[in-house]
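Residue-level listing of the chains:
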Amino acid sequence: MNTSIADHPTSDRADSRSPGSDADLSVSLQLNGQPYQATIEPWVTLLDLLRERADLTGVKKGCDHGQCGACTVLIDGQRINSCLKLAASVDGCSVTTIEGLAQDGRLDPLQQAFMDHDAFQCGYCTPGQICSARALINEGHAKTRDEVRELMSGNLCRCGAYTNITDAIVEVMAQEGGGR
Amino acid sequence: MIRFDYARASDVADAVRRGSGAATRFLAGGTNLVDLMKENVERPEHLVDIGRLPLARIEELDGGGLRLGALVTNNQTAYDPRVAARYPLLASAILAGASPQLRNAATNGGNLNQRTRCYYFYDTATACNKREPGSGCGAIGGVTRIHAILGTSEHCIATHPSDMCVALAALEAQVRISGPNGERVVPFADYHRLPGDEPWRDNTLVAGDLVTAIDLPPGDFGRHYTYLKLRDRLSYAFALVSVAVAMRLGADGAIEIVRIALGGVAHKPWRLPEVEGSLQGERPSRPAFSAAAGRLTADAVGRGGNDFKIELARRAVTRALQQAADGTPQSQSDKRVA
């Protein structure tokens, strides 16, 4: 390497830069069906807003770089990595987290299927897996087991529960009229 | 994350005006930019959110082509019935990349403008001429498994990471841009650039330039095509080598036209029109395909860790040409290579 630490450019403008006077932004969401409003700095991600301010800690921070899928939520029905979404950019959107999937005290069929199939070990990736799977079934593109595996590739499970996760999803997909 | 201010562009002209300022970046899907900001690689002071501009439609073009709005997401594009029916090569390439969550956020314009995934570009503890001009290239003499074998310079051996762009190169798409000096249309081959002496410039945009759409010309490549992507995992990994082939066969079975673009091997999708021309009029055959593959990679140079890519690219091109000629495109869910 031909740079020294001293002249390296990237050490930390982060802390030295002061936010402008217009730094605070107002964000309104439909959050799990309820109106939610917060005042945030521009650099707050949706993931941090959900966990740190809205106290929805079912949403998990795994890698924080869009590689693991633990932070998957539904934004206007679409599965999205909430760690890579600035909260300011989703102002006015509808957001559903794992806490919002059960209806009228009844689990989403995927939540029940994950338990029935033992589709987890440590459970850390599970909320993201289930949100992602809910969207996968709603999208309707997956018909086969291979396609489920491919279209769940954005959710890593370091315990390696993939076989049971796929079993759970394929079962619910069949119940809901998808698959073959 | 770094500190910055955030504004939402009211229209394209407003975006161009704001984007022309110093230390400013456009924010669309955010899947690459926000990540790079967390990594301290991108350090804008001003973000201009273009996500709600009216550029999220796919429209018919006179003469049979399609216009893909810059803000249409990668998934919306891949699953659009018109794209799937008329440009299955593009749909296949998009679905070979990233994950469903990322493709739901990532936009077409953003896909073009994503940065390299070179480890040294990401690692601020190392030298990188793309991240910090003049600092050197950590990759040269370093770990080079994912690096370029064609069109490199002594300053940079990074690759462009997109799958979508490899298909767009083969389809000879055109990029529509609004900028400080008005609107212009750039042929896809001229959009990205080789690193040369200015590796920090990934493409030919200038400050304030906003990609508004990608135009697909009519092409009739709905039958003889393939996108063959080879990588270290079965899914959700960048290409070590990928090949997009768009081909048309005449009634006599001879090749009327063929386009071959390579991904994962250079700073931009790699095409050699003279090699494509040499296949014109030929009957599909393994020897003809193998010879073309050899010519496509004749100037390839390895750096040690990526030496294997030269032979891999040669074989991938041969195989992809055969898949296209046979009308048996690579499946993106059943990963067996037939």
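What counts and what doesn't
Residues numbered from 1 in each chain as written. Chains lettered and ligands numbered in written order. Predicted model: local features only at pLDDT ≥ 70, side-chain atom pairs only at ≥ 80, totals over all residues. Pairing = 2+ DSSP bridges. Helix = DSSP H or I, 4+ residues; strand = E, 2+ residues; numbered from the N terminus. Axes fitted to C-alpha atoms, helices over the stretch in contact; angles between N-to-C directions. Contact = placed C-beta atoms within 7 Å. Nonpolar A, V, L, I, M, F, W, Y, C, P; charged D, E, K, R; others polar. Domains from an automatic or database assignment. Core = buried A, V, L, I, M, F, W, Y, C linked by C-beta atoms within 7 Å. Buried ≥ 20, exposed ≤ 12 C-beta atoms within 10 Å, placed from the backbone. Parallel < 35°, antiparallel > 145°, perpendicular 65-115°, else oblique. Left-handed = near helix turned anticlockwise from the far one by under 90°. Right-handed = clockwise from strand over helix to strand, strands pointing away.

Draft legend 1. Layout of the sheet that holds strand β1 (residues 25-31) of chain A. Residue and element names in this part refer to chain A. Sheet architecture is open: 5 strands sit in the order β2-β1-β5-β3-β4, paired in mixed fashion. Two strands in the sheet have a free side with no partner beyond their single neighbour: β2 (34-40) and β4 (78-81). Each adjacent strand pair in this sheet contributes to an overall mean axis angle of 40°, direction not counted. In this sheet, β2 lies alongside β1 in antiparallel orientation, the contact comprising 7 bridges. Opposite Gln30, over in β2, you have Pro35 as the bridge partner. The strands touched by helix α4 (residues 126-139) are β3 (72-75) and β4; relative to β3, the strand with the most contacts, the crossing angle is about 40°.

Draft legend 2. Main features of the interface of chain B and chain A. On the chain A side, the residues contacting the 36 residues of chain B number 37 residues. Mapped by element, the contributors of at least two residues to the side of chain B that touches chain A are β1 (5-8), α2 (33-38), β3 (46-49) and α6 (100-105) of chain B. No other element matches α6 of chain B, which puts 5 residues into the side of chain B that touches chain A. The class makeup of the residues in the side of chain B that touches chain A is 13 nonpolar, 15 polar and 8 charged.

Draft legend 3. Main features of the domain arrangement of chain B. Under the domain assignment, chain B is made up of domain 1 (5-49) and domain 2 (224-326). On a C-alpha basis, the centres of domain 1 of chain B and domain 2 of chain B stand 36 Å from each other.

Draft legend 4. Region of the structure containing the nonpolar core. Formed by 154 residues in total, the largest nonpolar core has its most connected members in Leu89, Ala167, Ala170, Leu171, Ala244 and Val245 of chain B. In this structure, Val245 of chain B is in contact with Ala170, Tyr225, Thr226, Val258, Ile260, Ala320, Leu321 and Ala324 of chain B, ignoring residues within four places of it in sequence.

Draft legend 5. Summary view of the domain arrangement of chain A. All names here are of chain A. Examined at the domain level, chain A breaks down into domain 1 (23-100) and domain 2 (109-175). Computed over C-alpha atoms only, the centres of domain 1 and domain 2 are separated by 21 Å. The set of elements that each furnish at least two residues to the side of domain 1 that touches domain 2 consists of β3 and β4. For the side of domain 1 that touches domain 2, the element with the most residues is β3, which contributes 3 residues. A per-class count over the side of domain 1 that touches domain 2 returns 7 nonpolar, 6 polar and 2 charged.

Draft legend 6. Highlighting the sheet that holds strand β9 (residues 224-230) of chain B. Residues and elements named next belong to chain B. An order of β9-β10-β11 is seen for the 3 strands of this open sheet, with the pairing classed as antiparallel. The open sheet is flanked by β9 and β11 (255-263), the only strands paired with a single partner. When the angles between neighbouring strand axes are averaged without regard to direction, this sheet yields 10°. Of the pairings in the sheet, the one linking strand β10 (residues 241-249) to β11 comprises 8 bridges and is antiparallel in character. Bridging from a neighbouring strand, Val243 pairs with Leu262 of β11. The strands touched by helix α5 (residues 88-95) are β9 and β10; relative to β9, the strand with the most contacts, the crossing angle is about 15°.

Draft legend 7. Focus on the packing of helix α3 (residues 109-116) of chain A against helix α6 (residues 162-175) of chain A. Residues and elements named next belong to chain A. Two elements in contact, α3 and α6, have axes whose closest approach is 9 Å; the angle formed by their N-to-C orientations is 140°. With respect to α6, the axis of α3 lies oblique. The hand of the α3/α6 crossing is right-handed. Across from Pro109, Leu110, Ala113 and Phe114 in α3, the residues of α6 making contact are Ala168, Glu171, Val172 and Gln175. Residue composition of the contact of α3 with α6, grouped by class: 6 nonpolar, 1 polar and 1 charged.

Draft legend 8. Spotlight on the environment of Ile80 of chain A. Here Ile80 of chain A shows up in strand β4. Taking the C-alpha atoms as reference points, Ile80 of chain A and Ser132 of chain A, separated by 52 residues in sequence, lie 8.3 Å from one another. Apart from the residues lying within four places of it in its own chain, the contact partners of Ile80 of chain A are Val73, Ile75 and Lys85 of chain A together with Gln101, Asn104 and Ala105 of chain B.

Draft legend 9. Spatial organisation of the pairing of strand β2 (residues 24-27) of chain B. All names here are of chain B. Here β2 runs beside β3; their pairing, made up of 4 bridges, is parallel. Looking at β3, one finds that Arg25 is bridged to Leu47. Considered for its hand, the β-α-β crossover made up of β2, α2 and β3 is right-handed.

Draft legend 10. Expanded view of unusual backbone geometry. In this structure, Ala98 of chain B takes a positive phi of about 55° despite not being glycine. Looking at the element boundaries, Ala98 of chain B is found in the loop between α5 and α6.

Draft legend 11. Quick peek at the environment of Leu61 of chain B. Residue and element names in this part refer to chain B. Of note, Leu61 is situated in the loop between β4 (58-60) and β5 (66-69). Considering only alpha carbons, one finds Leu61 and Pro218, 157 residues apart in sequence, at a separation of 9.0 Å. Among all residues touching Leu61, those that are not within four sequence positions of it are Leu66, Arg67 and Asp215.

Draft legend 12. Focus on the packing of α4 of chain A against α6 of chain A. Residue and element names in this part refer to chain A. It is the contact of α4 with α6, at a shortest axis distance of 11 Å, that shows an interaxial angle of 35°. When you trace α4 past α6, the crossing you get is right-handed. Of the residues in α6, those in contact with Gln129, Ala133, Leu136 and Ile137 of α4 are Ile165, Ile169, Val172 and Met173. Broken down by class, the residue content of the contact of α4 with α6 amounts to 7 nonpolar, 1 polar and no charged.

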